[in-house]
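# Residue-level structural notes
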Amino acid sequence: MTDLHRIVIVGGSIAAVTAVDSLRSMGYSGELVVLGAETGRPYARPPLSKGLLNGVSDSESCILQVDDSSADFRSGACAVDLDRHDSQVILADGERVPFDGLIVATGARARRIGQPNQNEKVVRTLGDSLSLREVMRTSDSMIIVGAGFLAFEIATAAARAGLTVTIVSRSTPLRAIAGPHLAKLVIDAARQAGVDFVTSAAGVRLVGHERITGVEVDDGTTLTADLVITAAGCLPNVEWLASAFDVSNGLVVDERMRVAPRIVAAGDVASWRGPGRSHPRRTPLWMSAIAQARAASASLLQLDPIPMPAQYAWTEVFGLDVKIAGTIPPRVSPVVIDGSFAERRALVTWTGGESGAAAAVNYHLPIARLKALARQTRETMSV
Amino acid sequence: MRVDVIRPRCEGHGLCEEVAPAIFSLDADGELIHAFEGQEIPAELEATARAAVTVCPVAALLIERSGQ
């Protein structure tokens, strides 16, 4: 099928693990090396801000089930450079790992807003989540800087643990990703649970060094709390590729996840130019990482393209179980198919976005049907 | 190969149903139905079953190899 004898996967999370499974099930029988920068077993990130932080699941349930015989999994192997001329990945300790085919799956890291000498807290790794869960037990108040679902998931866990919670953001939270109607539903549920909202259009400044004690907002006042968490998105881990590729706008891949001959990428690191997209964009979501890893594996083995499924995301916030297929257009009103926002149980669709979108709020529906609904919305629109 | 469902962990996302509809489905109440519960997964479905195990974000599916 190909003349590849040694494929190296750089990364140790779901995209890397899925790539191993995919390559093997697609018939690749050559050498397979996985270089993960973190120590310990590969784990799933979705529970870190949901079940694990809430205390309803344990860290063992986050560990991914990896077939050790399928690849040489190396942890604590941090790639610092790529030598394209000699086809070698260079590790922090100077070791050179040669490859015939390369899958870049180095993921992303939390975006930080403070100074390097500030002990800023984020929720990105298993360690972050476990230590936050522990310190929440002895804290009374928390400020979360962020406007996305991660901020609301952390707030859900904190409110449940009895902390008073304030969410600070530049503009109305969730609007850009969920549209005003769904955003309002979630914000109202958070308010009812006692969460305060503060807007600081110019951003915030973290106060404190060894321990962040508060945030200064744009009217000059300082809000204080026992815990201050930054949930301001993520940045792709592309710096190690800077000598090999132009990564000033992230690592751009084509519609089949190809970077260059024999080099593909998948997961949070990859800026993808999907159908309907005007420019490449990262899709840092669990299901996207899985779909992209399959597509990247097929591309590397020069097999037929695997169709990319519609984008899918879910969140659990303040008693709302929200599942979203497609990308919600922020300035379009949703059409309620069943239920209602008022009863907090609704099946809704949007037209006018790049993909069509559908969401289920506290509404049981197989994901395939939710995706079909999003797809039909798009097709109706284009007629 | 056998796949066990750890029911207390299952949150009904249905990602397994999406990748392995021949093995997993959710009923109207969101309860997971496993077509081969307590049985060996047919050889031709093993790769699919493995994919379903990986895709579960709450590790509610567990691979048990025969003879273990």
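Residues numbered from 1 in each chain as written. Chains lettered and ligands numbered in written order. Predicted model: local features only at pLDDT ≥ 70, side-chain atom pairs only at ≥ 80, totals over all residues. Heavy atoms only, no water.

### Section: the overall build of chain B
Heads up, the condition is: Put simply, DSSP H or I for four residues or longer makes a helix, DSSP E for two residues or longer makes a strand, and each gets a number counted from the N terminus. Throughout, the radius of gyration refers to the C-alpha atoms, and the reference size of a globule is 2.2 Å times the residue count to the power 0.38.
Summing up its helical and strand segments, chain B has two helices and four strands in all. Shown N-terminal to C-terminal, the secondary structure of chain B runs as helices and strands in the order β-α-β-β-α-β. A compact globule built from 68 residues should have a C-alpha radius of gyration of about 11 Å, and chain B, at 11 Å, falls within 12% of that. In terms of principal-axis extent, the alpha carbons of chain B reach across some 35 × 20 × 20 Å.

### Brief notes about the pattern of salt bridges
Residues and elements named next belong to chain A. To be explicit about the condition: Every case where a carboxyl oxygen of Asp or Glu lies within 4 Å of a side-chain nitrogen of Lys or Arg is listed as a salt bridge. We call a residue buried when its accessible area falls under 20% of the maximum for its residue type, exposed when it is over 50%, and partly exposed in between, using a 1.4 Å probe and counting protein chains only.
Across all of its chains, the model carries 20 salt bridges over all chains by this definition. Residue E95 is joined to R74 by a salt bridge in which the shortest nitrogen-to-oxygen separation is 2.8 Å. Here the residue E95 occupies a position in the loop between β5 (88–91) and β6 (96–98), and R74 occupies one in strand β3 (residues 72–74), the gap between them amounting to 21 residues. Using a relative accessible area of 31% as the deciding quantity, one classes E95 as partly exposed. For R74, a relative accessible area of 27% corresponds to the partly exposed category. Here R124 and D268 are joined by a salt bridge, their closest N and O atoms 2.8 Å apart. Note that R124 is positioned in the loop between β8 (108–110) and α3 (126–136) and D268 in the loop between β19 (263–265) and β20 (270–272), a separation of 144 residues in sequence. Each member of the pair, R124 together with D268, is buried. Each of D254, E255 and R258 takes part in one network of salt bridges that share partners.

### Some thoughts on empty space enclosed by the protein
Defined as follows: Computed over the protein atoms alone on a 1 Å grid, cavities are sets of points where a 1.4 Å probe fits but cannot get out and pockets are open sets with protein on both sides within 12 Å along at least five of seven lines; a residue lines them when it has an atom within 4 Å of a point. Grid points are joined across faces, edges and corners, and a volume is the space filled by probe spheres set on the points. Under the convention adopted here, Pro, Cys and the residues Ala, Val, Leu, Ile, Met, Phe, Trp and Tyr are nonpolar, Asp, Glu, Lys and Arg are charged, and Gly plus all remaining residues are polar.
By the definition in use, this model includes three cavities of 30 Å³ or more. The space that makes up the largest cavity amounts to roughly 100 Å³. The residue makeup of the lining of the largest cavity, split by class, is ten nonpolar, three polar and one charged. The calculated volume of the second largest cavity comes to roughly 80 Å³. Of the residues belonging to the lining of the second largest cavity, the class tally is ten nonpolar, three polar and no charged.

### A look at the packing of helix α1 (residues 14–25) of chain A against helix α6 (residues 286–300) of chain A
Residues and elements named next belong to chain A. Heads up, the condition is: Axis definition: a line fit to C-alpha positions, over the contact stretch in the case of helices; interaxial angles, taken between N-to-C directions, run 0 to 180 degrees. Roughly parallel means an angle under 35 degrees; roughly antiparallel means over 145; roughly perpendicular covers 65 to 115; every other angle is labelled oblique. By the definition used in this description, the sense in which the near helix is turned from the far one sets the handedness, with an anticlockwise turn below a right angle giving left-handed and a clockwise turn giving right-handed. Here a residue-residue contact requires only that any non-hydrogen atoms of the pair lie within 4.5 Å.
At a closest axis distance of 8 Å, the pairing of α1 and α6 adopts a crossing angle of 40°. As summarised for this structure, α1 and α6 are arranged oblique, according to the angle between their axes. Between α1 and α6 lies a crossing whose hand is right-handed. Residue-level contacts link I14, A15, T18, A19, S22 and L23 of α1 to W286, A289, I290, A293, R294 and S297 of α6. Partitioning the contact of α1 with α6 into residue classes produces eight nonpolar, three polar and one charged.

### Section: the confidence of the model for chain B
Residue and element names in this part refer to chain B. Put simply, the rule is: The predictor reports its confidence for every residue as pLDDT, a score running from 0 up to 100.
In this model, chain B carries a mean pLDDT of 87, and residues with pLDDT of at least 70 account for 96%. Across chain B, the secondary-structure element scoring lowest on mean pLDDT is helix α1 (residues 15–19), at 85, and the one scoring highest is strand β1 (residues 2–5), at 95. Reported for the predicted complex are a pTM of 0.93 and an ipTM of 0.82.

### Some details on the environment of G274 of chain A
Relative to the helices and strands, G274 of chain A is located in the loop between β20 and β21 (281–282). We classify G274 of chain A as buried; its relative accessible area is 7%.

### Section: the pairing of strand β2 (residues 31–35) of chain A
All names here are of chain A. What counts here: Strands were regarded as paired on the criterion that DSSP finds at least two bridges between them. Handedness rule for crossovers: strands pointing away from the viewer, path from the first strand over the helix to the second running clockwise, crossover right-handed.
With respect to burial, β2 is a largely interior element, four of its five residues being buried. Of the strand pairs in this sheet, strand β1 (residues 6–10) and β2 are connected by five bridges, and their pairing is parallel. Bridging from a neighbouring strand, V10 pairs with L35 of β2. Remark: the β1/α1/β2 crossover connection has right-handed handedness. The pairing of β2 with β3 spans three bridges and is classified as parallel. For V34, the partnering residue across the bridge sits in β3 and is F73.

### Observations concerning the sheet that holds strand β13 (residues 214–216) of chain A
Residue and element names in this part refer to chain A. As summarised here, the arrangement of the three strands in space is β12-β13-β14, forming an open sheet in which the pairing is antiparallel. The sheet terminates laterally at β12 (205–207) and β14 (222–224), the two strands that pair on one side only. Sheet twist, expressed as the average angle between the axes of neighbouring strands with direction ignored, equals 25°. When β12 meets β13, the two strands line up antiparallel, connected through three bridges. Its bridge partner lying in β13, V207 is registered against G214.

### Section: the nonpolar core
All names here are of chain A. Stated formally: Buried residues of nine kinds, namely Ala, Val, Leu, Ile, Met, Phe, Trp, Tyr and Cys, make up a nonpolar core once their side-chain atoms join them within 4.5 Å.
Core analysis: the biggest nonpolar cluster contains 90 residues, and I7, I9, L82 and V89 have the highest contact counts within it. When residues in this core are grouped by element, the largest group, eight residues, is from α6. Setting aside anything within four residues of it in sequence, one finds I9 in contact with A16, A19, V20, L23, L32, V33, V34, L35, I103 and A105. Membership of the second largest hydrophobic core comes to 42 residues, among which are I144, L227, A231 and W350.

### Observations regarding the sheet that holds strand β9 (residues 141–145) of chain A
All names here are of chain A. Taking strand neighbours across the sheet as the criterion, the four strands line up as β11-β10-β9-β15 in an open arrangement whose pairing is parallel. Two strands in the sheet have a free side with no partner beyond their single neighbour: β11 (196–199) and β15 (227–230). Strand-to-strand, the axes of this sheet are offset by a mean angle of 20°, without reference to chain direction. Note: β9 against strand β10 (residues 164–169), five bridges, orientation parallel. Its bridge partner being in β10, S141 is matched across the sheet by T164.

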